[in-house]
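Summary of the model geometry
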Amino acid sequence: MIYLALFWEFFKIGLFSLGGGLATLPFLYKLAETHPHWISAQAIADMIAISESTPGPIGINMATFAGFQAAGAVGGVIATLGEVTPSVIIIILIARFLTAFDKNQKVKDAFYGLRPAVVALITYALLKLMGVTLLNGGAVLPIETVLYAVLVCCVLVWKKVHPIIWILAGAVAGLLFQLPS
Amino acid sequence: MKKREAGLWELYISFLKIGGLTFGGGYAMLPMLQREVIDRHHWVDEQEVLDIYAIGQCTPGIIAVNTATMIGYRKRGVLGAIAATLGEVTPSLVIIITLASLLLGVQDSVWIQRAFGGIRVAVCALITQAIVNLARKSLVDWQTIVLYLLVVGASLFAHLSPLAVIPIAIVYGLAVQYFKRRAA
């Protein structure tokens, strides 16, 4: 029963990812390992690009895309519903029973540890992504690596420029240099 | 300001607009959220939105969805929470499923493959940017930097599951703050 399995896997992602869309990435990579017939590590990069250049929360866009790849349009809907269900339950419970949740000292202390850990998990996801994008079986791909260095400088200097512009720039560079090299 | 009542359908449509007009989720939704729920409908006030937003950020799941659920719940209970959340995700479902189906038909084209060859590099750069921004706010002392390096290392070399990282990080945060306060 693939729909049930999809719902359960994305329910877990919704339950355990803290800090928004990109925080679901490490879980998607884990999913690509445990369910390789659903999504490939390669497809995750395309998924991020499309999710960042279309309206809607990135995490939801990625869940819809992954669900679609695994089991078509119904799969996309099921994966998204799975991902939002824990949010709905947790938020309703907090709204009912905890009025000052975000001001609680214990919660603040936990987040002092959670935040760096989430950044570390996203870093790990980035390293995996760079592994399939900038390397080819251990060998460094020169064009991709130079392009990456240039784009990183660009995004760090021009912070306000919308991601869609850099994604389009990447597409143009890809066509120009005939990537993947 | 007098707060107004909200209908279920109104909640659905409002969050459908917010979801459909926000690029990038979480942090990007605030301006649209303020325009819809404060200026247009007077459902909540400025301070309430900021509080709700803060809770949305420190609870599991997608920030935009958490915010939608919270506002929906405050206005119309459980059904309101569900209506707002469904509104928030509807544009994603429609747009992504349409795009993904279109992409399936052209993914063998050499042009598309080349474009995505470059797009993947751009995505690496964008995620690097996000990590730099997040690191500035969360790696605030040596204890947090140590935790960061440990988690990256353990994920890379010991294949530590992201699921295991969350409880470890909570205990670490509570413990470090406890000892900091005791030492102070």
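Rules of the game
Residues numbered from 1 in each chain as written. Chains lettered and ligands numbered in written order. Predicted model: local features only at pLDDT ≥ 70, side-chain atom pairs only at ≥ 80, totals over all residues. Helix = DSSP H or I, 4+ residues; strand = E, 2+ residues; numbered from the N terminus. Rg over C-alpha atoms; globule rule 2.2 N^0.38 Å. Buried ≥ 20, exposed ≤ 12 C-beta atoms within 10 Å, placed from the backbone. Contact = placed C-beta atoms within 7 Å. Domains from an automatic or database assignment. pLDDT = per-residue confidence, 0-100. Axes fitted to C-alpha atoms, helices over the stretch in contact; angles between N-to-C directions. Parallel < 35°, antiparallel > 145°, perpendicular 65-115°, else oblique. Left-handed = near helix turned anticlockwise from the far one by under 90°. Nonpolar A, V, L, I, M, F, W, Y, C, P; charged D, E, K, R; others polar. Expected span 1.5 Å × (residues − 1). Core = buried A, V, L, I, M, F, W, Y, C linked by C-beta atoms within 7 Å.

Side note on the overall build of chain B
- Looking only at helices and strands, chain B features seven helices and zero strands.
- Start at the N end of chain B and walk to the C end: the helices and strands fall as α-α-α-α-α-α-α.
- Radius of gyration (C-alpha) of chain B: 21 Å, far over the 16 Å computed for a compact globule of 184 residues.
- By its C-alpha atoms, chain B is 60 × 50 × 25 Å across when sized along the principal axes.
- The buried share of chain B, taken over its 184 residues, is 45%.
- Looking at chain B alone, contacts between residues at least 24 apart form 54% of all its contacts between residues at least 6 apart.

Thoughts on the domain arrangement of chain B
- Domain annotation of chain B identifies domain 1 (8-106) and domain 2 (139-183).
- The C-alpha centroid of domain 2 of chain B is placed 31 Å from the C-alpha centroid of domain 1 of chain B.

Topic: unusual backbone geometry
- Cis rather than trans, the peptide bond between Leu 179 of chain A and Pro 180 of chain A has omega equal to -10°.
- Note that Pro 180 of chain A resides in the segment after helix 7 (163-176).
- With phi around 50°, His 42 of chain B is a residue other than glycine that occupies positive phi space.
- For His 42 of chain B, the position within the fold is in the loop between helix 2 (30-40) and helix 3 (46-57).

Topic: the confidence of the model for chain B
- Mean pLDDT for chain B: 88, with 96% of residues reaching 70 or above.
- Mean pLDDT in chain B bottoms out at helix 3 of chain B, which sits at 78, and peaks at helix 6 (residues 142-157) of chain B, which reaches 95.

Some thoughts on the packing of helix 1 (residues 8-21) of chain B against helix 2 of chain B
Residue and element names in this part refer to chain B.
- Look at helix 1 against helix 2: their axes get within 9 Å of each other, and the N-to-C directions meet at 160°. When the interaxial angle is binned, helix 1 and helix 2 end up roughly antiparallel. In terms of crossing hand, the pair formed by helix 1 and helix 2 is right-handed. Here Ser 14, Lys 17, Ile 18 and Leu 21 of helix 1 lie close against helix 2, whose contacting residues are Met 32, Leu 33, Glu 36 and Val 37.
- Residues belonging to the contact of helix 1 with helix 2 are distributed by class as follows: five nonpolar, one polar and two charged.

A closer look at helix 1 of chain B
All names here are of chain B.
- Between its terminal C-alpha atoms helix 1 stretches 20 Å, which fits the 20 Å expected from 14 residues at 1.5 Å a residue.
- Among the residues of helix 1, those classed as buried are Leu 11, Tyr 12, Ser 14, Phe 15, Ile 18 and Gly 19.
- Buried residues along helix 1 sit against helix 2 and helix 4 (63-106).

Comments concerning helix 3 (residues 41-52) of chain A
- Taking 1.5 Å per residue as the helical rise, helix 3 of chain A with its twelve residues ought to reach 16 Å, and the 17 Å between its terminal C-alpha atoms agrees with that figure.
- Among the twelve residues of helix 3 of chain A, nine are classified as buried, and the element is accordingly described as predominantly covered.
- Along helix 3 of chain A, the residues classified as buried are Ile 44, Ala 45, Asp 46, Met 47, Ile 48, Ala 49, Ile 50, Ser 51 and Glu 52 of chain A.
- On the buried face of helix 3 of chain A, the contacting elements are helix 2 (25-34), helix 4 (58-97), helix 5 (105-133) and helix 7 of chain A together with helix 4 and helix 5 (110-138) of chain B.

Thoughts on the environment of Asp 45 of chain B
- Mapping Asp 45 of chain B onto the fold places it in the loop between helix 2 and helix 3.
- For Asp 45 of chain B and Val 94 of chain B, which are 49 residues apart along the polypeptide, the C-alpha to C-alpha distance reads 31 Å.

Quick look at the domain arrangement of chain A
Residue and element names in this part refer to chain A.
- Assigned domains within chain A: domain 1 (2-133) and domain 2 (138-181).
- Each of domain 1 and domain 2 has a C-alpha centre, and the two are 25 Å apart.
- Facing four residues of domain 1, the contacting portion of domain 2 comprises four residues.

A few points about the nonpolar core
- One finds Ala 66, Leu 121 and Ile 122 of chain A together with Ala 122 of chain B to be the most contacted residues of the largest nonpolar core, which totals 114 residues.
- Broken down by element, this core gets its largest block of residues, 17 residues, from helix 4 of chain B.
- Leave out the neighbours within four places in its chain, and Ala 122 of chain B touches Leu 151, Trp 166, Ile 167, Ala 169 and Gly 170 of chain A.

Quick notes on the interface of chain B and chain A
- Taken together, the 79 residues of chain B in the interface contact 87 residues of chain A.
- Broken down by element, the residue count for the side of chain B that touches chain A peaks at 23 residues, all from helix 5 of chain B.
- Its residues assigned to classes, the side of chain B that touches chain A shows 54 nonpolar, 22 polar and three charged.

Quick word on the packing of helix 6 (residues 142-157) of chain A against helix 5 of chain B
- Close contact between helix 6 of chain A and helix 5 of chain B brings their axes to 9 Å; oriented N to C, the two are set at 40°. Taken together, the axes of helix 6 of chain A and helix 5 of chain B are oblique relative to one another. Regarding helix 6 of chain A and helix 5 of chain B, the two cross each other, and that crossing is right-handed. Along its contact with helix 6 of chain A, which presents Glu 144, Leu 147, Tyr 148, Leu 151, Val 152, Val 155 and Leu 156 of chain A, the element helix 5 of chain B presents Gly 118, Val 121, Ala 122, Cys 124, Ala 125, Leu 126, Thr 128, Gln 129 and Val 132 of chain B.

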